[in-house]
Amino acid sequence: MRSQICRSARSFISAASKQTSRSFSGGRAAAAGAAVSSRGRLSSLASYGASESGNAYRGWIAGALALPTAAFMLQEQEAHAAELERTFIAIKPDGVQRGLISEIVSRFERKGFKLVAIKIVIPSKDFAQKHYHDLSERPFFNGLCDFLSSGPVLAMVWEGEGVIKYGRKLIGATDPQKSEPGTIRGDLAVVVGRNIIHGSDGPETAKDEINLWFKPDELVSYTSNAEKWIYGAN
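Reading the values: rules and limits
- Residues numbered from 1 in each chain as written.
- Predicted model: local features only at pLDDT ≥ 70, side-chain atom pairs only at ≥ 80, totals over all residues.
- Heavy atoms only, no water.
- Helix = DSSP H or I, 4+ residues; strand = E, 2+ residues; numbered from the N terminus.
- Buried < 20%, exposed > 50% of the residue type's maximum accessible area, 1.4 Å probe, protein only.
- Contact = heavy atoms within 4.5 Å.
- Areas by Shrake-Rupley, 256 points an atom, 1.4 Å probe, with all protein chains shown as cover.
- UniProt positions renumbered as here; feature names shortened; annotations may be inferred.
- 1 Å grid on protein atoms, 1.4 Å probe; cavity = no way out; pocket = protein on both sides within 12 Å on 5 of 7 lines; lining within 4 Å.
- Arc of directions from axis to C-beta.
- Points joined across faces, edges and corners; volume = space filled by probe spheres on them.
- Nonpolar A, V, L, I, M, F, W, Y, C, P; charged D, E, K, R; others polar.

Enquirer: Looking at this model, I keep getting lost on the overall build of the protein chain. Mind explaining?
Expert: Of the regular secondary structure elements, the protein chain holds eleven helices and four strands. The buried share of the protein chain, reckoned over its 234 residues, is 38%. In the protein chain, the proportion of contacts linking residues at least 24 apart, taken out of those at least 6 apart, comes to 77%. Counting only carbon and sulfur atoms, one obtains 53% of the accessible surface of the protein chain, whose full area is about 13100 Å².

Next comes the structure, spelled out in structure tokens:
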């Protein structure tokens, strides 16, 4: 009888885990419904074990009952983490020299994005050329690289849902004259040659720029206490 109960419990837990994976592809609400369903089925199993074998299996069944809930909570955290993306943001030498670091950082923080890497460096001309390699055929390429390597640059990696696309909105158009008021360039810059900030323009660019500017051990992963208030994740 005991082996029969054990086999039945393992079967239910396995089914709950599979149902968890399917549920997350359909969203958190579906996962929550699956959790309730699985708990109900295991509760029936617990009652069966108690009636057939007394209290001997009750403690074991209670422990097994908690496994699906823990699995759902873990997978929900993993699903939330998978939704977050990272982007590379750099405050150029003009932004650093004008004392705009705190102003720019605060705008990303107030939005709800999370800083996961930061350092101040003076890039070499060769390094600047690697950063702007996609513009190497443009007539302004050499001047662009000269400027980026002319002084300290604050290099950062920010994390959050939609941080690449919305980070570009926070920054504003390349030409400050065409940037909307409320954007960083719209409020703080005047001409294209001194537009104070750079931001990755897409997922692949973000990945390449992060790998260029930062070593893997310079990036940190952590859960901010504010995330449940920003995303509604527990």
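Still more ground to cover, so stick around.
Enquirer: How should I be thinking about unusual backbone geometry in this particular structure?
Expert: Both trends apply: most residues other than glycine have a negative phi, and most peptide bonds are in trans. Positive phi outside glycine occurs at Ile196, with the angle close to 60 degrees. On the secondary structure map, Ile196 appears in the loop between α9 (184–188) and β4 (197–199).

Enquirer: Just checking my understanding: could you explain the UniProt feature "binding site: ATP" (unreviewed entry) in the protein chain for this structure?
Expert: This chain's UniProt record puts "binding site: ATP" (unreviewed entry) on Lys92, Phe140, Arg168, Thr174, Arg185 and Asn195. Filtering the just-named annotated residues for those lining the largest pocket gives Lys92, Phe140, Arg168, Thr174, Arg185 and Asn195. On the accessibility criterion, Lys92 (8% relative accessible area) is buried. When near neighbours in sequence (up to four residues on either side) are disregarded, Lys92 contacts Tyr132, Phe147, Leu148, Pro152, Arg185, Asn195, Ile196, Ile197 and His198.

Enquirer: Got a minute to help me understand helix α8 (residues 163–171) in this structure?
Expert: Since there are 3.6 residues in each turn of an α-helix, residues three or four apart along the chain are aligned in direction. Within α8, burial applies to Val163, Ile164, Gly167, Leu170 and Ile171. Down the axis, α8 shows its buried residues gathered within 115 degrees of arc, on one side only. Looking at α8, the residues exposed on the side facing more than 90 degrees away from the buried face are Lys165 and Lys169. Residues of α8 that are buried make contact with β1 (85–91), α5 (101–111), β3 (153–160), α9, β4 and α10 (203–213).

Enquirer: How should the layout of surface pockets be read in this particular structure?
Expert: Unoccupied space between atoms shows up once a probe the size of one water molecule is rolled over them. The computed volume of the largest pocket comes to approximately 700 Å³. Tyr132, Asp134, Leu135, Leu144 and His198 are, among the 26 residues lining the largest pocket, the residues nearest its centre. Elements that contribute at least two residues to the lining of the largest pocket include exactly α6 (125–131), α7 (141–148), β4 and α10. Looking at which element gives the most residues to the lining of the largest pocket, the answer is α10, with four residues. Of the residues contributing to the lining of the largest pocket, the split by class is seven nonpolar, nine polar and ten charged.

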